[in-house]
Amino acid sequence: MTRTRRYLVIAVVGIVAIAAALAVLSPPEVRQKQAGRRGGESSAGPVPVLVAAAALADVPIYLEGVGTVRALNTVTVRPQVDGKLIKVSFKEGQDVEAGYVLAEIDPTTYQAQLDQATAKKAQDQALLANAKLDLERYEKLAASTAGTRQQADTQKSTVAQLDAQVRLDQAAIDNAQAYLSYTNIIAPLAGRTGIRQVDQGNIVHASDATGIVVITQIRPISVFFSLPQQNLPRINAAFAKGPLAVEAIGGNDRTVVGRGTLQVVDNQVDQATGTVKLKAEFPNPDLQLWPGQFVNVRLLIETLPQVVVVPTAAVQRGPSGTFVYVVQDNAAAMRPVTVSNQDETRSVITAGLKAGEQVVTTGFARL
């Protein structure tokens, strides 16, 4: 037992001696760094931070959602009469105006029907003219008792029948003219043509489901989007004051690809999703919006005038709520604030801070 204690004492003395020798033999730079480190631990120095000044600004308030782009109007152009397609006058993807002749159907049969109706009317008009002359003669004979009143009345009925027949002939002419006009397939609205469904030379029918081509109106264009029903009172209140601006945001979530106005707030809430559907219209002059496209949408419901704003990075949260570090005379003090609106870049302060005061934005960990 005594021998063991002796060995322990010798070992401890040896370790102490080695440590002392290392301290003495270490370079002066190392000893200075160690002394400086021990001195730094005992004295607090300045803490570097980044600050920004609170400012007054007009802050727009947006409601954001995801929307689907749809054509303002879409029409499937179908033939209204049967016949051979003798001409196609449009190119796929072409912009056309309302009334533009897209294609033509062989008009021979329908022109013949119009000619028949026109000839029938001329025939009946001749019969009517002769019947009127006979009626005048019968009226004179009946007045002079040279003829019977019955003959005059019968002839009067014949004139009325022929007059009705002439009007019927005119209706047939109008109908034939309408069918003849249908041989020119025209664009019912201004828009862009899609892919052609039928080639020239085919026989087309009024009952064809596919039609000739689909025309979509993309200038202007519509965007449908939904927002939570909790926002409905604010939307209706703002919409009642006037048109609301809507922005379509590109895929990078920063670029505005279109600006339009809100047109319709749906008259009911979708109970399955708890959202309300809205429709906006965009001029779309550069065709940045395309039917079927998904876009992020921002609806401007109001603008807060001249409110105090700070960078969002300056706002911190603690057990008692939100606060900022205010810098005065090279000293930082924690101050509680009230935040009404906040986005990725700036926050609106409604209480606790004045414009011009400096707040810390970076370096909180050492404060």
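Residues numbered from 1 in each chain as written. Predicted model: local features only at pLDDT ≥ 70, side-chain atom pairs only at ≥ 80, totals over all residues. Heavy atoms only, no water.

1. Some thoughts on the environment of F239
- By the element assignment, F239 lies in helix α5 (residues 232–241).
- Through-space distance from the C-alpha of F239 to that of L262 is 8.3 Å; in sequence the pair is 23 residues apart. (Helix = DSSP H or I, 4+ residues; strand = E, 2+ residues; numbered from the N terminus.)

2. Some details on unusual backbone geometry
- With omega at 0°, the peptide bond leading from R219 into P220 counts as cis.
- Within the secondary structure, P220 is located in strand β9 (residues 213–228).
- In this structure, N284 is a non-glycine residue whose phi angle is positive, near 55°.
- Relative to the elements of secondary structure, N284 occurs in the loop between β12 (275–282) and β13 (294–311).
- One non-glycine residue, D329, adopts positive backbone phi at about 55°.
- With respect to the secondary-structure elements, D329 resides in the loop between β15 (321–328) and β16 (331–336).
- Classification of D329 as exposed rests on a relative accessible area of 79%. (Buried < 20%, exposed > 50% of the residue type's maximum accessible area, 1.4 Å probe, protein only.)

3. Brief notes about a negative patch on the surface
- A grouping of E64, D253, D343 and E344 is seen on the molecular surface, where their side chains present a negatively charged patch.
- On the secondary structure map, D253 appears in the loop between β10 (245–249) and β11 (256–270).
- For D253, a relative accessible area of 54% corresponds to the exposed category. (Patch = residues over 30% accessible without salt bridge, like charges linked within 9 Å, V, L, I, M, F, W, Y side chains within 5 Å. Areas by Shrake-Rupley, 256 points an atom, 1.4 Å probe, with all protein chains shown as cover. Salt bridge = Lys/Arg side-chain N within 4 Å of Asp/Glu carboxyl O. Lys, Arg positive; Asp, Glu negative; His and termini not counted. Charge placed at Lys NZ, Arg CZ, Asp CG, Glu CD.)

4. Re the pairing of β13
- Two elements, strand β2 (residues 55–77) and β13, share 13 bridges in a ladder whose sense is antiparallel. Bridge pairing links L63 to L299 in β13.
- Judged from the 4 bridges that link them, β10 and β13 form a sheet pairing that is antiparallel. Within β13, the position partnered with E247 by the bridge is R298. (Pairing = 2+ DSSP bridges.)

5. Describing the packing of aromatic side chains
- Evaluated as defined, the whole model comprises 3 aromatic pairs.
- Pairing Y110 with Y179 gives two aromatic rings, centres 6.4 Å apart and planes at 5°, and the pair type is stacked. Within this pair, whereas Y110 is found in helix α3 (residues 108–143), its partner Y179 is found in helix α4 (residues 149–181), the two being separated by 69 residues in sequence.
- With relative accessibility at 35%, the residue Y179 sits in the partly exposed group.
- Through a chain of ring-to-ring contacts, three or more aromatic side chains come together here, namely Y110, Y179 and Y182.
- Seen from the ring of F224, R70 lies directly overhead, with NZ or CZ sitting 4.4 Å from the centre.
- The aromatic ring of Y62 is capped on one face by R298, whose charged end is 4.2 Å from the ring centroid. (Phe/Tyr/Trp six-rings, centres within 6.5 Å; stacked < 30°, edge-to-face > 60°. Lys NZ or Arg CZ within 6 Å of the ring centre and 35° of its normal.)

6. Details of the pairing of strand β5 (residues 101–105)
- As defined by bridge partners, strand β3 (residues 83–88) adjoins β5 across 3 bridges and the pair is classed as antiparallel. Note that in β5 the partner of L85 across the bridge is I105.
- Across 3 bridges, β5 lies against strand β6 (residues 184–186) in antiparallel orientation. Looking across to β6, one finds that A103 is bridged to I185.

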